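# Examining the three-dimensional arrangement
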Amino acid sequence: MLDLLVPSWSDAAGRHGFRPPDAAKGPSPALRAQQMDGTPPAEQVPPAQPPQELLRAQQLGLGLGVQPLNEPLRAQQVHGVAVIEVSPGAQSPVGEADALVSATVGLAVGIATADCVPILLDAPGVVAAVHAGWRGSLEGVVLATLRHLATRHGVAPAEVRVALGPSIDGCCFEIEREIAARFAVRWGSRVWRLWRERPAGKGTLDLRGFNALVLLEAGVGENAIERVGPCTFCGPGPWASYRREGPDCGRQLAWVAPGPRP
Ligand SMILES: [Zn+2]
């Protein structure tokens, strides 16, 4: 399974990833065949002639993720701020929510996106996957998730590390100025630092930057917040973009599972 991994989360290899739309449908027949005998595909590739697919994946920074114990549990995503904590035995969809939390070792949760910001949170013994489009970001879905980790699991923001996955960035995410103004009313005038004015009452907003700002101000360490992957609209790679391709663009899946408590 080719997933984009968070470079600094090498200790969490095999329990997180940003899975491109094609991979989300399952590995290609070629890769599946290579994986049949259990040898990691990268080691089977003759150095002189790596398959184009794998070569391209490596150029794009995609690593070889490991399938989680379960197909990641999903929710009905509604651009809200509800947080659902999953339990073993749960079935997808687990309910209407844009943030899923798991505190069961190996039990993966995932959210699907195509331009919206996929956010993975990893803390000792507990993880979360968050879907943050502009509506969820405005309403503070990532802050609601941090609060859940604190109140239910006693996890301080300083113990959490966060990865903001491939999403439409400040280069391309054009919205009405009126929407940015709603962010500024709710979160303060510092939001305008993430805004680039365009003609006709429009501009672009850096949504990943906004969520990073919220996390930082809530107490997550600056070095614990990482942007992973390109802009889905203009960047390279296999990432789906709703704005570029329309509703049939496919979805990437951001997933994470808890490791054992240290
Ligand atoms: Zn862009």
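## Description of the overall build of the protein chain
Counting its regular elements, the protein chain contains nine helices and 14 strands. By residue count, 42% of the 262 residues in the protein chain fall in the buried class. For the protein chain, contacts bridging at least 24 residues in sequence account for 66% of all contacts bridging at least 6.

## What to know about the environment of G133
Along the chain, the position of G133 falls in the loop between β8 (126-132) and α5 (134-139). Considering only alpha carbons, one finds G133 and C116, 17 residues apart in sequence, at a separation of 4.3 Å.

## Thoughts on the packing of helix α6 (residues 141-153) against helix α8 (residues 207-218)
Interaxial distance between α6 and α8 falls to 9 Å at its minimum, and their mutual angle equals 35°. Between α6 and α8 lies a crossing of right-handed hand. Across from V142, L143 and L146 in α6, the residues of α8 making contact are N211, V214, L215 and A218. Per-class residue counts for the contact of α6 with α8 are six nonpolar, one polar and no charged.

## Concerning the sheet that holds strand β10 (residues 174-176)
The strand order across the open sheet formed by three strands is β10-β12-β11, and the pairing between neighbours is antiparallel. At either end of the open sheet lies a strand with only one pairing partner, and these are β10 and β11 (195-198). Across the sheet, the mean angle from the axis of one strand to that of its neighbour is 40°, orientation sign disregarded. Inspection of the sheet shows β10 paired to strand β12 (residues 202-205) by three bridges, in the antiparallel sense. Bridged to E176 within β12 is K202. The sheet strands contacting helix α7 (residues 177-187) are β10, β11 and β12, and the helix crosses β10 at an angle near 80°.

## Notes on α6
Taking 1.5 Å per residue as the helical rise, α6 with its 13 residues ought to reach 18 Å, and the 18 Å between its terminal C-alpha atoms agrees with that figure. Turning to α6, the residues buried within the fold contact β4 (83-85), β5 (99-102), β7 (117-123), β8, α5 and α8. Just beyond α6, the residue with positive phi is G154, at close to 65°.

## Looking at the sheet that holds strand β9 (residues 161-164)
Reading across the sheet, the six strands line up as β4-β5-β8-β7-β9-β13 and stay open at both edges, with mixed pairing between neighbours. Both edges of this open sheet fall to β4 and β13 (225-227), since each of them pairs with a single strand only. Strand-to-strand twist across the sheet, computed as the mean angle between neighbouring axes with direction ignored, equals 15°. The pairing of β7 with β8 spans seven bridges and is classified as antiparallel.

## Let's talk about the nonpolar core
The tendency in soluble globular proteins is for nonpolar side chains to be buried as a group. Residues L100, V109, A129 and V130 are the most contacted members of the largest nonpolar core, which totals 60 residues. Ranked by residue count, the leading element in this core is β8, at six residues. Setting aside residues no more than four positions away along its own chain, A129 makes contact with L100, V109, G110, I111, L120, A254, W255 and V256.

## Focus: the environment of P124
Among the secondary structure elements, P124 is positioned in the loop between β7 and β8. Taking the C-alpha atoms as reference points, P124 and R161, separated by 37 residues in sequence, lie 9.8 Å from one another. Apart from residues no more than four positions distant in its own chain, P124 is found in contact with E159, R261 and P262.

## Quick notes on unusual backbone geometry
Note that the residue after S92, namely P93, is joined by a cis bond; omega there is -5°. Looking at the element boundaries, P93 is found in the loop between β4 and β5. One non-glycine residue, A200, lies in positive phi territory at about 60°. Looking at where A200 falls in the secondary structure, it is placed in the loop between β11 and β12. For A200, a count of 7 C-beta atoms within 10 Å gives the class exposed.

## A word on the confidence of the model for the protein chain
Scored by pLDDT, the protein chain comes out at a mean of 86, with 82% of its residues at no less than 70. Segment residues 26-51: pLDDT under 50, and 19 contacts once partners within four positions in sequence are set aside and those in other chains are kept.

## What to know about the pairing of β5
Side chains A99 and V101 project from β5 onto one buried face, and the interleaved L100 and S102 project onto a second face that is buried too. Strand direction decides the pairing type here: β4 and β5, joined by three bridges, are parallel. Its bridge partner being in β5, V83 is matched across the sheet by A99. As defined by bridge partners, β5 adjoins β8 across four bridges and the pair is classed as antiparallel. Paired with L100 across the strands is A129, a residue of β8.

Quick notes on the rules
- Residues numbered from 1 in each chain as written.
- Predicted model: local features only at pLDDT ≥ 70, side-chain atom pairs only at ≥ 80, totals over all residues.
- Helix = DSSP H or I, 4+ residues; strand = E, 2+ residues; numbered from the N terminus.
- Buried ≥ 20, exposed ≤ 12 C-beta atoms within 10 Å, placed from the backbone.
- Contact = placed C-beta atoms within 7 Å.
- Axes fitted to C-alpha atoms, helices over the stretch in contact; angles between N-to-C directions.
- Left-handed = near helix turned anticlockwise from the far one by under 90°.
- Nonpolar A, V, L, I, M, F, W, Y, C, P; charged D, E, K, R; others polar.
- Pairing = 2+ DSSP bridges.
- Expected span 1.5 Å × (residues − 1).
- Core = buried A, V, L, I, M, F, W, Y, C linked by C-beta atoms within 7 Å.
- pLDDT = per-residue confidence, 0-100.

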